[in-house]
Amino acid sequence: QVQLVESGGGLVQAGGSLRLSCAASGRTFSNYAMGWFRQAPGKEHKFVAAISSGGSAYYADSVKGRFTISRDNAKNTVYLQMNSLKPEDTAVYSCAADRRFSGASTGGSDYDYWGQGTQVTVSS
């Protein structure tokens, strides 16, 4: 069982930055691929970024070049650095864990554990 707790959300002006954190419980964090997804009001859940257990990163086209995902296995934490934020980035951001030995999925249904989410609001 893995428990995930996100933090770092908030209100920021367009062009600003935020760093989200996702702290995981359990001793096998390093064996999990980790992903970030977001859901805006009235819209479907969407992939944002993922990082494999080996550190390979994957991004949605809409955030490529602006967001960076990273992980610190010693701290059981995955991060999402978000720069040049836009109003359309406003959403609830959730992290998720997928026990796989290589790669990382962009599909939410592949992930086994989910956090509660943290709200990110970008004002224009």
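Quick caveat, the model's predicted, so the values are computed rather than measured. (Residues numbered from 1 in each chain as written. Predicted model: local features only at pLDDT ≥ 70, side-chain atom pairs only at ≥ 80, totals over all residues. Heavy atoms only, no water.)

J.: I'd like a description of the pairing of strand β8 (residues 77-82), backed by residues and values.
T.: The buried count for β8 comes to five of six residues, which makes it a mostly enclosed element. Two strands pair when backbone bridges link them, and strand β3 (residues 18-24) and β8 are joined in this way by six bridges, in the antiparallel orientation. Bridging across to β8, L18 finds its partner in M82. With six bridges connecting them, strand β7 (residues 67-72) and β8 associate as antiparallel partners. Within the sheet, the bridge partner assigned to D72 lies in β8 and is T77. Taking the residues between adjacent antiparallel strands as the criterion, β7 and β8 are bridged by four residues, where N76 takes a positive phi near 50°. (Buried < 20%, exposed > 50% of the residue type's maximum accessible area, 1.4 Å probe, protein only. Helix = DSSP H or I, 4+ residues; strand = E, 2+ residues; numbered from the N terminus. Pairing = 2+ DSSP bridges.)

J.: Tell me about the environment of C95, and please be specific about residues and values.
T.: Of note, C95 is situated in strand β9 (residues 91-99). Taking the C-alpha atoms as reference, C95 lies 12 Å from T106; in sequence the two are eleven residues apart. Residues within four places of C95 in sequence aside, it is in contact with L4, E6, C22, G35, W36, Y113, W114 and G115. (Contact = heavy atoms within 4.5 Å.)

J.: Account for the side chain of N76, with residues named and values stated.
T.: Counting through the fold element by element, N76 comes out in the loop between β7 and β8. You can call N76 buried: its relative accessible area is 18%. Not counting the four nearest positions on each side in its chain, N76 is found in contact with C22, A23, A24, S25, G26 and F29.

J.: Describe the sheet that holds β3, naming the residues involved and giving the relevant values.
T.: Strand order across the open sheet formed by four strands is β1-β3-β8-β7, with antiparallel pairing between neighbours. Only two strands of the sheet have a single neighbouring strand rather than two, namely β1 (4-7) and β7. Put simply, the sheet's adjacent strands are angled 15° from each other on average, direction ignored. (Axes fitted to C-alpha atoms, helices over the stretch in contact; angles between N-to-C directions.)

J.: Can you tell me about the pattern of salt bridges, naming the residues and giving the values?
T.: Across all of its chains, the model carries four salt bridges by this definition. D89 serves as the salt-bridge partner of R38, at 2.9 Å between the closest nitrogen and oxygen. On the criterion of sequence distance, the pair formed by R38 in strand β4 (residues 32-39) and D89 in the loop between β8 and β9 is long-range, its members being 51 residues apart. The pair R38 / D89 is uniform in exposure class, with both members buried. Between D89 and R66 there is a salt bridge, with the nearest N and O atoms lying 2.8 Å from each other. Here R66 lies in the loop between β6 (57-59) and β7 and D89 lies in the loop between β8 and β9, a separation of 23 residues in the sequence. Comparing D89 with R66, the two get one shared label, buried. (Salt bridge = Lys/Arg side-chain N within 4 Å of Asp/Glu carboxyl O.)

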